[in-house]
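A look at the structure
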Amino acid sequence: MSRTQRKPRIVGVGGGVASAAAIAELRKEGFDGDITLVSAEDTVPYERPPLSKEFLLGRSGSVPVKDPSWYQQNAVELLLGVRATRLDLAARTVHLSDGSAVPYDQLLLATGVRPRALPGIDGAGVCYLRTVQDATELRDRINAARHVAVLGGGFIGCEVASAAIQLGKRATILEALPTLLYRALGPDLGQVVAGIHRDAGVDVRTGQPVTGLTRGPGGGVRIATGDGPVDADVLVVGVGTVPNQELAEQAGLPVGNGIVVDEYFATAVPGVWAVGDVVAQHLPRYGRRVRVEHHDTALRHGRAVARNMLGRRAPFGDVHWFWSDQFEHTISSAGLPSTDGPLIIRGSLEQRSFSAFSLDGERLSAVISLNRPKDVLDARKLIAREHRATADQLRDESLPLKRLAPSTATAPSAATASSAATASSAATPSAGTAPSAAGTPSATAPSAGTVPSARTAP
Ligand SMILES: Cc1cc2nc3c(=O)[nH]c(=O)nc-3n(C[C@H](O)[C@H](O)[C@H](O)COP(=O)(O)OP(=O)(O)OC[C@H]3O[C@@H](n4cnc5c(N)ncnc54)[C@H](O)[C@@H]3O)c2cc1C
């Protein structure tokens, strides 16, 4: 390189797991240009899943995706506590909230999502949960509370209620839909989860639209519901998310319930890529755009986009997978579950140990499990490759799911090859995370042809 030549620079906007995984993969794959990470948060990227689980319970602190020293050792410039405010795609420059600007050769947008705010539901005593700052505040409030109310019976709401009960508090979930996790799991499986919560002592009130909020006695909140007021010390709102797509949208990039990317994570502008919770990705496997809010998917997006940025063009084909821990139970899922069609049950809903499969013709398309993470790992491998499955086989407990893969080891199709290759590491969390096995589709209104992400569905 001549003296006047500068190294290529990759700028990542967003300080979550997707961005961190991309940067780590870029260095691992030998990229020796400049890397700058811009994050609105003032800490290095950390894991969000523990925030509604071990962190609230006081069993873990913040878990960094990469040790803070890694960034220095790998010559990654960190611009923390700074927002990207404008993209100049023609000049290949990111403008920042501190007035400075960073030039790039390639740009990665990984801006994630933010909690959906409810008009009129705000003020003292109301909490949202997305960041470690939110979690710290919430943990303190729960510790000081006697009664924790949760608005929204999605994954975040259920996990917070679970933590509150485990901390010896009263907990109430207010959910407008007929069961908990209705959008993600459907009515039957949602009822099973509601049963778990009720048995653990949560006051589960479904079909309960919240109509207003006022100050309650003793500095708490009084929540108006169709069934009368509920007084609590703290109200946690978990009613879905909104993708942080405005930066892309204002720069003229196509958006629609997320930043639109193809199966290579490319946006409409060459050199500009996007990954993680914020993307609505066109996936040929499904013939439509998909946006999910799954930790594992965000991590895999990051790794995969890095290879594409380095010119090793490969479509994303990994099977989506997520988990959620509530009390001693683990819900996990692989594929993109649709709760509209019939579910084939292996195991027992009553005994709270089952896998609910969806078939697409004679192919397994998705599974949702309660306390059967092994089924999900096996199903995930199956979904990634050619196989045939019938409803009777899926119901039959004596037939290991592995046996459904053709024993003549049909070569996976090109579209599924990368999934098959990575499915065996499906249960491997990123450094520092301890996922037991889930992730999720969202409460956000999907644009036509987009599968909503469900982890935060109310
Ligand atoms: C409490 C909680 C529990 C969860 N539990 C699970 C679980 O059990 N299982 C599971 O599969 N998934 C879970 N998830 C979801 C999982 O954590 C996400 O899928 C994952 O974190 C997404 O990573 P990301 O990098 O795409 O986005 P994020 O982690 O949202 O990161 C986006 C980053 O971009 C920054 N940013 C946004 N706009 C700008 C800007 N203009 N300039 C600079 N920075 C910006 C944000 O501040 C943030 O740091 C959970 C999420 C939460 C919040």
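Scroll up to find the structure this text is about.
Below is a short write-up of the structure.

Reading guide: rules and limits
- Residues numbered from 1 in each chain as written.
- Predicted model: local features only at pLDDT ≥ 70, side-chain atom pairs only at ≥ 80, totals over all residues.
- Pairing = 2+ DSSP bridges.
- Helix = DSSP H or I, 4+ residues; strand = E, 2+ residues; numbered from the N terminus.
- Axes fitted to C-alpha atoms, helices over the stretch in contact; angles between N-to-C directions.
- Buried ≥ 20, exposed ≤ 12 C-beta atoms within 10 Å, placed from the backbone.
- Core = buried A, V, L, I, M, F, W, Y, C linked by C-beta atoms within 7 Å.
- Contact = placed C-beta atoms within 7 Å.

1. Brief notes about the sheet that holds strand β15 (residues 228–232)
Across the sheet, which stays open at both edges, the three strands sit in the order β13-β14-β15 with antiparallel pairing between neighbours. A strand with exactly one partner marks an edge of an open sheet, and here the two such strands are β13 (210–215) and β15. The average undirected angle you get between the axes of adjacent strands in this sheet is 25°. Where strand β14 (residues 221–225) meets β15, five bridges bridge the pair, whose relative direction is antiparallel.

2. Details of unusual backbone geometry
Phi at F265 is positive, roughly 75°, even though this residue is not glycine. Structurally, F265 is set in the loop between β18 (259–261) and β19 (272–274). Even without being glycine, N371 reaches a positive phi, approximately 60°. Tracing the chain through its elements places N371 in the loop between β26 (363–370) and α8 (373–383). Note on N371: 18 C-beta atoms within 10 Å, which makes it partly exposed.

3. Let's talk about the nonpolar core
By size, the foremost hydrophobic cluster in this structure holds 73 residues, and its most contacted members are V148 and V150. The residues contacting V148, other than those within four sequence positions of it, are I142, A164, K169, A171, A232, D233, V234 and V236. Membership of the second largest hydrophobic core comes to 54 residues, among which are I10, A20, V102 and A280.

4. A look at the sheet that holds strand β7 (residues 106–109)
Reading across the sheet, the five strands line up as β3-β2-β1-β7-β19 and stay open at both edges, with parallel pairing between neighbours. Looking along the sheet, the strands with just one partner apiece sit at the ends: β3 (76–80) and β19. Taken pair by pair, the neighbouring strands of this sheet meet at an average axis angle of 15°, ignoring direction. Of the strand pairs in this sheet, β7 and β19 are connected by three bridges, and their pairing is parallel. Bridging across to β19, L107 finds its partner in V272.

5. Things to note about the environment of V192
Within the secondary structure, V192 sits in helix α5 (residues 182–199). Overall, V192 belongs to the buried group, with 22 C-beta atoms counted inside 10 Å. In sequence terms V192 and Q351 are 159 residues apart; their C-alpha atoms lie 9.5 Å from each other. Residues in contact with V192, not counting those within four places in the same chain, are L349, R352 and L370.

Honestly, that's just the spatial picture; any functional story needs more than this.
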